[in-house]
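Take a look at the letters that make up each chain.
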Amino acid sequence: MLRKPIFHAFLWTAILIVGISLPGRTAHHLTVFAPDKFLHMGGFVILGILWLRVYPDAFTRILAYGALFGILTEVYQHVMPISRSFDPFDIVSDFVGLFIGVFTFRSFLAFRKSREAEQL
């Protein structure tokens, strides 16, 4: 079970949900290059790769659902009493990370497929 790609994808999604549920600082500054933007980006790079491992042909669906997930996490942070706020730059970071992860892994899969075809 631990070696199944779907387990890894769900586990990482749960880890992201826990991470966004942790209480934050009350003083929140909306900045484009804050360190947490890189955490968002990295988390969503991994999210995109893991879900693309589960559904290798679902490039656009993973982007769409991943973007929706990023938006909903920001809404969740705004509504919950955890001293976190809605940050549109976090959504942008989430989507950029998701796109990088999915595009990079999709390119890797295409490269591997072409190499396998050459060897036949």
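In what follows, the structure referred to is the one given above.
Summarised in this report is the structure supplied together with it. (Residues numbered from 1 in each chain as written. Predicted model: local features only at pLDDT ≥ 70, side-chain atom pairs only at ≥ 80, totals over all residues. Heavy atoms only, no water.)

**Some points on the packing of helix α2 (residues 35–54) against helix α3 (residues 59–79)**
Point 1. At a closest axis distance of 10 Å, the pairing of α2 and α3 adopts a crossing angle of 140°. Once α2 is placed against α3, the crossing between them reads as right-handed. Here H40, F44, L47, G48, W51 and L52 of α2 come into contact with α3, specifically with F59, I62, G66, F69, G70 and E74.
Point 2. Its residues placed into classes, the contact of α2 with α3 shows 7 nonpolar, 4 polar and 1 charged. (Axes fitted to C-alpha atoms, helices over the stretch in contact; angles between N-to-C directions. Helix = DSSP H or I, 4+ residues; strand = E, 2+ residues; numbered from the N terminus. Left-handed = near helix turned anticlockwise from the far one by under 90°. Contact = heavy atoms within 4.5 Å. Nonpolar A, V, L, I, M, F, W, Y, C, P; charged D, E, K, R; others polar.)

**Observations concerning the packing of helix α1 (residues 5–21) against α3**
Between two packed helices, what matters for the description is the angle formed by their axes and the separation of those axes.
Point 1. Running from amino to carboxyl end, α1 crosses α3 at an angle of 30°, the nearest separation of the two axes being 10 Å. The angle between α1 and α3 falls in the class roughly parallel. As for how α1 packs across α3, the hand of that crossing is right-handed. Taken together, the residues of α3 that come into contact with α1 (itself represented by T13, L16, I17, I20 and S21) are F69, T73, Y76 and Q77.
Point 2. Across the contact of α1 with α3, the residue classes tally to 5 nonpolar, 4 polar and no charged. (Parallel < 35°, antiparallel > 145°, perpendicular 65-115°, else oblique.)

**Let's talk about α1**
Point 1. With 17 residues, α1 should reach 24 Å at 1.5 Å per residue; the first-to-last C-alpha distance of 24 Å fits that figure.
Point 2. If you check which residues of α1 are buried, you get A9, T13, L16 and I20. The arc that holds the buried residues of α1, viewed along the axis, is 60°, so those residues lie on one side.
Point 3. Of the surrounding secondary structure, the elements contacted by the buried residues of α1 are α2 and α3. (Expected span 1.5 Å × (residues − 1). Buried < 20%, exposed > 50% of the residue type's maximum accessible area, 1.4 Å probe, protein only. Arc of directions from axis to C-beta.)

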